[in-house]
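# Architecture and fold: a report
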Amino acid sequence: MIRTWTVALVCLVVFLLAPRVGHAESEGSLPPLPEESAEQRDERMQWWRDARFGMFVHWGLYAIPAGEWKGEPVRGIGEWIMNRADIPLEEYRPLADEFNPTEYDPERWARIAADAGMKYLVITSKHHDGFCLFDTDATEWDVVDATPYGKDLLAPLAEACRRQGVKFCTYYSIIDWAHPSQKIDPDQKHNTIIDESQKDQYIAYMKQQLRELIESCDPDVLWFDGEWTPWWTEADGRELYSFLLDLKPTLIINNRVGKGRKGMSGMNRGDQQYAGDFGTPEQEIPPTGLPGVDWESCMTMNDTWGYKKNDDNWKSTEKLVRNLIDIVSKGGNFLLNVGPTAQGEIPQPSVERLDEMGDWMNRYSEAIYGCTASPVDTPEWGRCTVRQGADGDTLYLHVFDWPTGGGLTLRGVVSEPASCRLLGGESLGVRSTSDGLRVSVPQQAPNRLASVIAVEFDGRIQTAADE
Ligand code: H79
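Residues numbered from 1 in each chain as written. Predicted model: local features only at pLDDT ≥ 70, side-chain atom pairs only at ≥ 80, totals over all residues. Heavy atoms only, no water.

## Topic: the side chain of T229
Put simply, the test is: Under the DSSP-based scheme used, a helix requires at least four consecutive residues in state H or I and a strand at least two consecutive residues in state E, with every element numbered from the N terminus. For the exposure calls, accessible area comes from a 1.4 Å probe over protein chains only, and a residue counts as buried if that area is under 20% of its type's maximum, exposed if over 50%, partly exposed in between. We call two residues in contact whenever any of their non-hydrogen atoms come within 4.5 Å of each other.
Among the secondary structure elements, T229 is positioned in the loop between β8 (221–225) and α10 (234–247). T229 sits in the buried class, given a relative accessible area of 0%. Excluding residues within four positions of it along the chain, T229 makes contact with I175, N191, T192 and K259.

Structure (structure tokens):
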């Protein structure tokens, strides 16, 4: 008899609890996202969608050891040095005593970004090591209080960026190896374990710092990271997202503020189902875009985010330009990283590549800024981007493999083109055939990185798929 009742009671408890546990992270019990119409959202996202190309900057104390610890190379990436080399916090902290970036010239950084054609810059305000590059009253573990340099690094960069017409944006890590609430999970080193009794305190700490950042630098994007740690929830993300948009209604926030990302290939949602405005594929370009979903691929130029000595695996300028084109042809943005040295210099191989990208952008940026995804399948010779103008569409053909026979074919477009020209060059013959668009082109490729042909249409482009 007692057993029957026990079983019944257990069943009742399970019945009552199960649905709640199951729904803990589902729509019903989650804090709401701020109300916003589609038009309001489009307006908020507009500059970011038009920009298409930005600079990522990973800078911090990890630039001092630069991928080596006690004479040994550290496998993996610069800014994870503390974790990869199993460095205890007490051994890492004294790096601050050496941090004195006397060569730091924010005006020069902003100019390098602007000259490359980059429209925004996202810099680490606090990476996983918890060290802050801005002046914060929430901790002494910042550049002003803990280093011989003793000055805020971000506010002057924010000003320099504005002078150069580059939007200033900041990265902020949710996991924090130096905050007393957390420690690196010894079994899952990508995560931290939080003392749950201190979680509210840590969230208050984050909010204070983010408020300070907004007051001192007024960033246009907040780029969160480390949201994968199990103690951070979608509810936490939504709450933080709402808090920030309340502080600054024009802010744009990446999808790593919440749990909308699945794995590193997380361009996924970045839509209204989870907190966050855009998806964040890392070190990869998704095979296709998603209609109506904003996303941004972030990528290193070599193999390292933070500065690392002897990382010479530099991507070629050709590769970088073609990555940018590939991303824009799928409707995304390209956030390309540099890892400045502890002295404050962007490494020369990065500067050279950005310089060459700038030369390309000087001639071809019309086919990048404000452009959207290709309406047709990827051609074998390159990529397409589109500009929707008031008087009609312009289709840009980015040719990677220049044809030898004097003709280029684009399958899938059925509308009759109005005109055609080489970007920055002469007009070209174009006609619509049963095969698609046929363009007459010169024998020689005008540009070794990628040559662009602009095809103008009266009205919207019609494709075979529309028919
Ligand atoms: O700041 C740079 C890196 O330091 C940081 N993000 C870029 C922008 C970084 N991201 N990831 N990592 C470092 C490595 C973490 C990988 C994983 Fe996971 C976290 C593997 C498992 C947990 C997230 C969840 C990705 C895959 C599953």
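## Quick word on α10
In plain terms, the rule: For a helix, the expected span equals 1.5 Å multiplied by the number of residues minus one.
Here α10 spans 20 Å end to end across 14 residues, near enough to the 20 Å set by a 1.5 Å rise per residue. For α10, every residue scored as buried is listed here: E234, D236, G237, R238, L240, Y241, F243, L244 and L245. Each element contacted by the buried residues of α10 is listed here: α2 (38–51), α9 (199–217), β8 and β9 (252–253).

## Re the packing of aromatic side chains
Geometrically, a pair of aromatic rings is defined through the distance of the ring centres and the angle of the planes. Where we set the bar: Each Phe, Tyr or Trp ring (for Trp, its six-membered ring) is paired with any other whose centre lies within 6.5 Å, and the angle between the two planes then decides the class: stacked below 30 degrees, edge-to-face above 60, tilted in between. Ring-over charges, as used throughout, are those where CZ of Arg or NZ of Lys falls within 6 Å of the ring centre and within 35 degrees of the ring normal.
A complete count under the given rule lists 21 aromatic pairs for this structure. Taken together, a centroid distance of 5.6 Å and an interplanar angle of 75 degrees make the contact between F56 and W305 edge-to-face. On the criterion of sequence distance, the pair formed by F56 in strand β1 (residues 53–57) and W305 in the loop between β10 (296–299) and α11 (317–329) is long-range, its members being 249 residues apart. Like W305, F56 is buried. Between W231 and W232 the ring centres are 6.1 Å apart and the planes differ by 85 degrees, which places this aromatic pair in the edge-to-face class. We classify W232 as buried; its relative accessible area is 1%. In this structure, K151 is placed above the aromatic ring of Y149, and the distance from its NZ or CZ to the ring centre is 4.6 Å.

## Quick look at the layout of surface pockets
Convention followed: Two kinds of site are reported from a 1 Å grid over the protein atoms alone, namely cavities, where a 1.4 Å probe fits but cannot get out, and pockets, open sets with protein on both sides within 12 Å along at least five of seven lines, and residues are called lining when an atom falls within 4 Å of a point. Grid points are joined across faces, edges and corners, and a volume is the space filled by probe spheres set on the points.
Taken as a whole, the largest pocket encloses approximately 600 Å³ of empty space. The wall of the largest pocket is formed by 29 residues, among which L290, K330, G331, T372 and A373 lie closest to the centre. Listed by contribution, the elements that provide at least two residues to the lining of the largest pocket are α2 and β12 (382–388).

## Looking at helix α12 (residues 348–364)
A rise of 1.5 Å per residue sets the reference length of α12, with its 17 residues, at 24 Å; its end C-alpha atoms lie 24 Å apart and thus fit the reference within 8%. Buried residues belonging to α12 abut β1, α6 (106–116), α11, β11 (333–338), β13 (393–399) and β18 (451–456).

These values are about where atoms sit, not about what they do.
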